[in-house]
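If you want the building blocks of each chain, they are given just below.
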Amino acid sequence: MTYQVDEKGYYGEFGGAFIPEMLYPNVEELRTHYLEIMNEPSFQQEFHDLLRDFVGRPTPLFAAKRLSEKYQTQIFLKREDLCHTGAHKVNNTIGQILVAKRLGKNKIVAETGAGQHGVATATVCALMGLECIVYMGAIDIERQAPNVARMRMLGAKVVAAQSGSKTLKDATNEAMRHWINNPVDTHYIIGSVVGPHPYPDMVARFQSVISEEIKTQLMEKEGRNYPDYVLACVGGGSNAAGAFYHFLDEPRTQLIAAEAAGQGVGTGHSAATTFLGKSGVLHGSRSLLMQTEDGQVIEPYSISAGLDYPGIGPMHAHLFKTGRAHFYDITDEEALDSALELSQLEGIIPALESAHALAVLPKLQAKPQEIVVINLSGRGDKDLATYQQRLKL
Amino acid sequence: MNRISTVFEKASGPILNVYATAGFPKLGDTMLVLEALQEGGVDIIEIGMPYSDPVADGETIQQSNQISLDQGMTVALLFEQLKDLRKKVQVPVLLMGYINPVLQFGVERFCQKCQEVGVDGLILPDLPMAEYEAEYREVFEKYGLYNIFLITPQTKDKRIHQIDAVSKGFIYMVSSASTTGAKSGISSEQALYFDRINQMNLKNPRLIGFGISDRESFLKASSSASGAIIGSAFVKLLAKSSDLKKDIIAFVREIKGTN
Ligand SMILES: Cc1ncc(COP(=O)(O)O)c(C=O)c1O
């Protein structure tokens, strides 16, 4: 069993490149060049220098003592929240902008949900002096206002996606349309392990720095280079892909994914794709997808804009299908409780997305000697308005 | 023989292919629109199967898709509406849409239904050539369906020849790098691209689409291909018409110059 992409761009039955012919030249150019570019020593050097000096890597692996005491196990937090711009998203945008430059592109388009990927994209565009357009659902523009301001301050143009559900899915549609209309000079920086091959694999490789560091850090701290559990939230699945990557073939590590159940899996207001989805095609790949019997995409719901997506990356669909990863559905309420708990037990305010991963802890039943690594994908600054309102602060 | 091939063989002038979203402007209008198109003298009809996330389409077609879905359109209902198609409409009919609804309906069942009601071919922009050849071609051919591929100004010659080799009926030449309805008119740069393709000696005829909206752009496109496809401009007409039959017939005659 392999969990890596095959030469046709598939993870088992999921993946592929279901794109209109208008996008074929760009995606094909990327497909034939990405590995070669990523393996160039000059690329590796530039990528790692920027991760160190600009992003602030390696991010710490923090032993969360009070949380560990509460759940009677050994909990470590992988502090992606300490990345420059506040989330893991920047690992991928640094990588992709270096690829874009080597492909001779001078304009960047991106989609964003919570605004974290948009901010991370606007940031690297400012750093490299490239023009940046970010599509964001009109509803998300309202609920993530601070990130909109950040993107604008960084010089990006933020365009509201007014179609469909006016959230992440529609922002992705608009970004793809923008790319169709500007095929020659523009690179599309997708923000998660979704989209047509080679995006899921490329993004997973850029994010894999997370698990690479976890291995080294656990070795230093605990004398073993694998945890018993790795927990991560899954919107499209990029932080989870990065946190799982180097443990995919490590049978001693259980991979745990947290999906946004919204108000609950059975309520019709949910974004828990593995519970509610069926195999289908959206945004260029075959994966699990929330859809009607007629194949129309269902508008998802989650309190967390970054998890409010009707699909998951094809790699995660494969991990689910093969049983390699175990998926939990976490409600808005559970995530809010866990966000408050982490804030008060450890002095860290997590992003709402990451709070979904934390909320698996009460259900996990890990043993006292076991090591649990939680990927804390981002910090909660962007979610303060929601926390204020929902936690009555 | 497939009706599409017959049209190209018998055509005496440029071929007009018109796109109409199924179930639009009203859910029950599908057949009325098709019959009026035929009466006006259209050569090929493309019926759009509405989809929630039509990435290759611009605003006009997106909106018509959404309205149709909101009114209750489904793949199953469309086949129901088309059950007497061939009693009333003789021109070739293509279904245009996205792959996901087809997958959920079941690819073979979908093709079987197409054959049953008399659909001649399919345009599925997000079904790329490699997937088609590996997984779909056999079933499509079993039910006599032509799959129409797109080429764009960015498509490399080698790939155009590959597409030509697997194509039947015609090749859909996208006039510029765009989604549907984005630009209108034809520039001199586009004319160069049309000529370049013309000189490639492809076995399939070409129809030019995207940005064709009136008689002038129709004739201009048709001078470097077998004809052209009108989508967004027609959907706009449907959206504002208060007398569908009359307006559709007038639209087609105006484009074809038969009024
Ligand atoms: C902090 C944070 N975590 C997680 C996600 C979800 O994305 P992914 O599943 O690709 O990691 C987002 C998306 O915006 C985010 O901002």
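Residues numbered from 1 in each chain as written. Chains lettered and ligands numbered in written order. Predicted model: local features only at pLDDT ≥ 70, side-chain atom pairs only at ≥ 80, totals over all residues. Heavy atoms only, no water.

As recorded in an unreviewed UniProt entry, chain B goes by the name Tryptophan synthase alpha chain, listed as coming from Aquirufa rosea. Per UniProt, the comment on chain B under Pathway (unreviewed entry) is "Amino-acid biosynthesis; L-tryptophan biosynthesis; L-tryptophan from chorismate: step 5/5." Recorded in UniProt for chain B, the comment headed Sequence similarities (unreviewed entry) runs: "Belongs to the TrpA family." (UniProt positions renumbered as here; feature names shortened; annotations may be inferred.)

Student: Help me understand the site of the ligand in this model?
Tutor: All names here are of chain A. In the neighbourhood of the ligand, 19 residues make up the surrounding shell, with Ser192, Gly235, Gly237, Ser238 and Ser377 lying closest. At 2.7 Å, a backbone N or O of Gly235 approaches an oxygen atom of the ligand. Taking 390 Å² as the accessible area of the ligand by itself, protein coverage stands at 98%. Broken down by class, the residue content of the shell around the ligand amounts to 6 nonpolar, 11 polar and 2 charged. (Near = heavy atom within 4 Å. Polar contact = N/O pair within 3.5 Å; in protein donor to acceptor, adjacent residues only side chain to side chain. Areas by Shrake-Rupley, 256 points an atom, 1.4 Å probe, with all protein chains shown as cover. Nonpolar A, V, L, I, M, F, W, Y, C, P; charged D, E, K, R; others polar.)

Student: Which parts of the structure should I look at to understand the domain arrangement of chain A?
Tutor: For an interface, size is often stated in terms of accessible area lost upon the parts coming together. Residues and elements named next belong to chain A. By domain assignment, chain A separates into domain 1 (18–50 + 89–202) and domain 2 (56–87 + 208–390). Taken together, the 32 residues of domain 1 in the interface contact 35 residues of domain 2. Buried surface at the junction of domain 1 and domain 2, summed over both partners, amounts to about 2,600 Å²; 59% is from carbon and sulfur atoms. Among the residues of domain 1 in contact with domain 2, Phe18, Lys169 and Val193 are the three that bury the most area, contributing 22% of the side total. For the pair domain 1 and domain 2, the number of links is 1 salt bridge. The partner of Arg143 in a salt bridge is Asp308, with the nearest N and O atoms 2.7 Å apart. In this assembly, domain 1 and domain 2 are joined by 14 residue pairs in polar contact (both at pLDDT 80 or more). Put simply, the parts of the chain that give the side of domain 1 that touches domain 2 at least two residues each are α4 (89–102), α5 (116–128), α6 (138–143), α7 (145–153), α8 (168–181) and α9 (199–207). When residues of the side of domain 1 that touches domain 2 are assigned to their parent elements, the largest contribution, 5 residues, is made by α8. Here the side of domain 1 that touches domain 2 is composed, by residue class, of 12 nonpolar, 14 polar and 6 charged. (Domains from an automatic or database assignment. Contact = heavy atoms within 4.5 Å. Buried area = accessible area lost by both parts, 1.4 Å probe. Salt bridge = Lys/Arg side-chain N within 4 Å of Asp/Glu carboxyl O. Helix = DSSP H or I, 4+ residues; strand = E, 2+ residues; numbered from the N terminus.)

Student: Looking at this structure, I do not really get the sheet that holds strand β2 (residues 44–48) of chain B. What am I missing?
Tutor: All names here are of chain B. Ordered by their spatial adjacency, 9 strands build an open sheet running β5-β4-β3-β2-β1-β9-β8-β7-β6, and the pairing between neighbours is parallel. One side of each edge strand has no neighbouring strand; the edge strands of this open sheet are β5 (146–147) and β6 (150–151). With 4 bridges joining them, strand β1 (residues 15–21) and strand β9 (residues 227–230) adopt parallel strand pairing. For Val18, the partnering residue across the bridge sits in β9 and is Ile230. (Pairing = 2+ DSSP bridges.)

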